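Chain by chain, the residues run as shown.
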Amino acid sequence: MNTLNSEAFVLFGQHILWSDMVGNLFGLAALALGWRRSIWTWPVQFLAGLILFGAFFGHLTGSAGKQAVVMVVALYGWWQWQRGTGRGEDGHIAVRFATWRERAAMAAAAAAGTVAVALLFTAYPKLSWDPWPDAYIFVGTVVAMYAQARGMVEFWFAWLLVDLVGVPLNFANGYAFSGFVYVIYGALVLWGLRDWWLRSRQAARPTLEGAPA
């Protein structure tokens, strides 16, 4: 892992680490696979989380913890999609909008979780130099990946909210490649949101009796 944490090159005055670059490239691949509703999004996300855990460990504890959670939730997502429940006619996972109850539950869990983790980071300063942003990213990532595992369109909105804090935090801490990649993430998220949104509408559209399939 020491080799991965060495400098790859300098871009616009920013020192790019191998681990930061490779981990985020895998993250981009995982996001693209998630857009395509491929089950391979989960092992690729697991690998991205493993590499980025090594990049952040010892410096950004909250971000490292986020990657540990990414790996755990990636295993859950793989299990959830592998079960084959909630599949569409094309064989891929069916997508839908969350119910208002599910949205309220996720929002409440995100708010309570962020406060709890931030208080933990505040009580133990060595865990994070900036408790609230780290906690927000930590918990927001869990909520986003849970929504993805359940095939909810809201997962894309959750990733956008996480990125709003994650991008400046990465730049501020020398992980420039993460910041640059999140610009591409933003485009993929918007395209993926559009695709899942349209698919959810098609799935919810009632089929008229006697109409051609």
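Residues numbered from 1 in each chain as written. Predicted model: local features only at pLDDT ≥ 70, side-chain atom pairs only at ≥ 80, totals over all residues. Heavy atoms only, no water.

(A) Geometry of the nonpolar core. Of all hydrophobic cores here, the largest spans 40 residues; its most connected members are Trp42, Met145, Trp156, Trp159 and Trp196. When contributions to this core are tallied by element, the ones reaching two or more residues are helix H1 (18–35), helix H3 (61–82), helix H4 (100–123), helix H5 (131–149), helix H6 (154–172) and helix H7 (176–204). By residue number, the principal contributor to this core is H5, which donates nine residues. Not counting chain neighbours up to four residues away, the residues in contact with tryptophan 156 comprise Leu31, Gly34, Trp35, Leu188, Val189, Gly192, Leu193 and Trp196. (Core = buried A, V, L, I, M, F, W, Y, C linked by side-chain atoms within 4.5 Å. Buried < 20%, exposed > 50% of the residue type's maximum accessible area, 1.4 Å probe, protein only. Helix = DSSP H or I, 4+ residues; strand = E, 2+ residues; numbered from the N terminus. Contact = heavy atoms within 4.5 Å.)

(B) The arrangement of the packing of aromatic side chains in detail. The tally for this structure, following the rule as stated, stands at 10 aromatic pairs. Both rings, one in tryptophan 35 and one in tryptophan 191, keep their centres 6.3 Å apart while their planes meet at 35 degrees; by these two values the pair is tilted. Taken together, the residues span a long stretch of sequence, with tryptophan 35 in helix H1 and tryptophan 191 in helix H7 at a distance of 156 residues. With a centroid separation of 6.0 Å and 40 degrees between ring planes, the pair formed by tyrosine 76 and tryptophan 79 is classed as tilted. Here the residue tyrosine 76 and the residue tryptophan 79 both occupy positions in helix H3, the gap between them amounting to three residues, near one helical turn. (Phe/Tyr/Trp six-rings, centres within 6.5 Å; stacked < 30°, edge-to-face > 60°.)

(C) Expanded view of H4. The end-to-end C-alpha separation of H4 is 34 Å, in line with the 34 Å expected for 24 residues at 1.5 Å each. Listing the buried residues of H4 in full gives Met106, Gly113, Thr114, Val117, Ala118 and Phe121. (Expected span 1.5 Å × (residues − 1).)

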